Amino acid sequence: MKLISNPTSDDSKKAAVALTHGNLVIFPTETVYGIGADASNSQAINRIYRIKNRPNSSPLIVHISNIRNLIHWASDVPNYAKTLGNTFWPGPMTLILKRSTGVSDLLTGGQSSVGIRVPSNRIAQDLLLEFENLGGLGIAAPSANRHGEVSATTADAAQEVFGDEGISGDLILNGGTCEYGIESTIINCTDASPSILRPGVITPELIEVYTGITCNPSKNSHGVIAPGMSLKHYAPQTKILINQLPEKGDGLIAGGDFPTPPGVVRIASPKNLFEYAKTLYQSFEKADSLKVKRLCIYLPDSESGIAEAIKDRVLKAASR
Ligand code: TXA
Ligand code: MG
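On a predicted model such as this, the values are computed, not experimentally measured, just so you know.

Draft legend 1. Highlighting the overall build of the protein. The helix and strand tally for the protein stands at nine helices and 14 strands. When the backbone C-alpha atoms are referred to their principal axes, the protein occupies close to 60 × 45 × 30 Å. By sequence separation, contacts in the protein at least 24 residues apart represent 68% of the contacts at least 6 residues apart. Total accessible area on the protein is roughly 13,400 Å²; 52% of this is exposed by carbon and sulfur atoms. Across the protein, the centroid of the 30 positively charged side chains sits 4 Å from that of the 30 negatively charged ones.

Draft legend 2. Spotlight on the side chain of K311. Among the structural elements, K311 can be located in helix α9 (residues 305-318). With residues up to four places along the chain from it excluded, the contact list for K311 reads L299, P300, S302 and E303.

Draft legend 3. Examining the state of the cysteines more closely. Counted under the stated rule, the structure contains zero disulfides. Here C189 stays unpaired: no disulfide links it, and the sulfur of C215, its closest cysteine neighbor, is 7.7 Å away. With relative accessibility at 2%, the residue C189 sits in the buried group.

Draft legend 4. Summary view of helix α5 (residues 122-133). Given a rise of 1.5 Å per residue, twelve residues ought to cover 16 Å, and the 16 Å separating the end C-alpha atoms of α5 matches this to within 8%. Of the positions making up α5, those classed as buried are I123, A124, Q125, L127, L128, E130, F131 and E132. Next to the buried residues of α5 lie α1 (9-20), β2 (25-27), β3 (34-38), β4 (61-63), β7 (139-140) and β8 (171-174). Capping of α5 at its N-terminal end is provided by N121; its side-chain oxygen lies 2.8 Å from the backbone amide nitrogen of I123. Looking one or two places after α5, you find G135, whose phi comes out positive at around 100°.

Draft legend 5. Just the sheet that holds strand β11 (residues 239-242), in detail. Read across the sheet, four strands follow the order β11-β14-β12-β13 without closing on themselves; strand pairing throughout is parallel. Every other strand in the sheet has two partners, leaving β11 and β13 (265-268) as the edge strands with one partner each. If you compare each strand with its neighbour and ignore which way they point, the axes differ by 30° on average. As judged from the three bridges shared by strand β12 (residues 251-253) and strand β14 (residues 294-297), these two strands associate in the parallel manner. Paired with L252 across the bridge in β14 is C296.

Draft legend 6. Structural detail: the packing of helix α8 (residues 273-289) against α9. Across the interface, α8 lies against α9 with an axial gap of 9 Å and an inter-helix angle of 20°. Classed by the angle they form, the pair α8 and α9 counts as roughly parallel. Considering only the axes of α8 and α9, their crossing is left-handed. Facing α8, whose interface residues are L273, F274, Y276, A277, L280, Y281 and F284, α9 presents I306, A307, I310, R313, V314 and A317. Here the contact of α8 with α9 is built from residues that sort into twelve nonpolar, no polar and one charged.

Draft legend 7. Local environment of the domain arrangement of the protein. The assigned domain composition of the protein is domain 1 (2-211) and domain 2 (239-317). The C-alpha-based centres of domain 1 and domain 2 are spaced at 28 Å. The partner domain 2 presents 15 residues to the 20 residues of domain 1 that form the contact. The junction of domain 1 with domain 2 conceals about 1,300 Å² of combined surface from both sides, 63% of it contributed by carbon and sulfur atoms. The largest per-residue losses of area from domain 1 upon contact with domain 2 belong to V150, I182 and P199, which jointly make up 36% of the total buried on that side. Taken together, the links from domain 1 to domain 2 amount to one salt bridge. Across the pair E183 and R313 runs a salt bridge whose closest N-O atoms are separated by 2.8 Å.

Calculation rules
Residues numbered from 1 in each chain as written. Chains lettered and ligands numbered in written order. Predicted model: local features only at pLDDT ≥ 70, side-chain atom pairs only at ≥ 80, totals over all residues. Heavy atoms only, no water. Helix = DSSP H or I, 4+ residues; strand = E, 2+ residues; numbered from the N terminus. Contact = heavy atoms within 4.5 Å. Areas by Shrake-Rupley, 256 points an atom, 1.4 Å probe, with all protein chains shown as cover. Lys, Arg positive; Asp, Glu negative; His and termini not counted. Charge placed at Lys NZ, Arg CZ, Asp CG, Glu CD. Disulfide = S-S within 2.5 Å. Buried < 20%, exposed > 50% of the residue type's maximum accessible area, 1.4 Å probe, protein only. Expected span 1.5 Å × (residues − 1). Polar contact = N/O pair within 3.5 Å; in protein donor to acceptor, adjacent residues only side chain to side chain. Pairing = 2+ DSSP bridges. Axes fitted to C-alpha atoms, helices over the stretch in contact; angles between N-to-C directions. Parallel < 35°, antiparallel > 145°, perpendicular 65-115°, else oblique. Left-handed = near helix turned anticlockwise from the far one by under 90°. Nonpolar A, V, L, I, M, F, W, Y, C, P; charged D, E, K, R; others polar. Domains from an automatic or database assignment. Buried area = accessible area lost by both parts, 1.4 Å probe. Salt bridge = Lys/Arg side-chain N within 4 Å of Asp/Glu carboxyl O.

Spelled out as structure tokens, the structure:
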């Protein structure tokens, strides 16, 4: 795959054309990098599943530039979902909605719902606008990592995994490090009231404050397959230990006031929750590349929504 650094609007146009030809384009979003394909092109979508080693039963998120384009993908959108979209899009939130007729089973893993997101990242927006100018309806994009591995939050990480793969015309748009570093909040909007399927930086507290809407924290609701159900998810190769004192040769992620014991490799010292989220996956990569014996992680000592999202990712990474 060819890497384009600091993509200009001309590059976004080129990438949009590539998508119309059935190529894959890896692009930055404010959460993590996505590996994108024309959401209306079954062959291109199949390439995503193959290149990621991802089971076809795991549905993809369709990215659109604007809430108005929901009409192509979703039907019977409840009022609360419209409020959520109008309040938090463009931004790090995915809504699971009843799919429109004609939306392919390939995208939805055969479910009657479809995941939709409007990202705010400038390069993602440029790409979507150019693609929609060419008649495209949406870009299907899972995180740019192999199935079960750590999501890429830099173009370098994506290039390391996919750089030598792909076909002529596939591209990687380098937009630097992702702003938030963990995947979008996923909210199931197929029931009478919303529920969080995957925690993220759009937290139930934030939703309540901005919209007055209460989200059920339930991990699952009938018929909907919750993301990240497989145990090996967001996982580095290194074994993770949680809230345990590291020994010589171990790596350590802990708040800045936590001292590094002798012989222990300090991987990260996040100063706040946003920095914790933003650097988490890069820290996993660093621990793997330094081949630390084990990775000891002290979870954030907070009950806030973003702390929940961080704990969710660390616990999933640890449970294998
Ligand atoms: O931040 C993000 O959401 C990133 C960026 C690239 O947008 N994307 C992302 O995609 O994390 P992915 O495929 O790695 O994770 C999406 C999760 C999957 O675990 C999938 O199961 C779930 O969303 N999902 C997608 N469509 C769904 C649906 N119709 N019903 C239930 N879950 C769905
Ligand atoms: Mg993923």
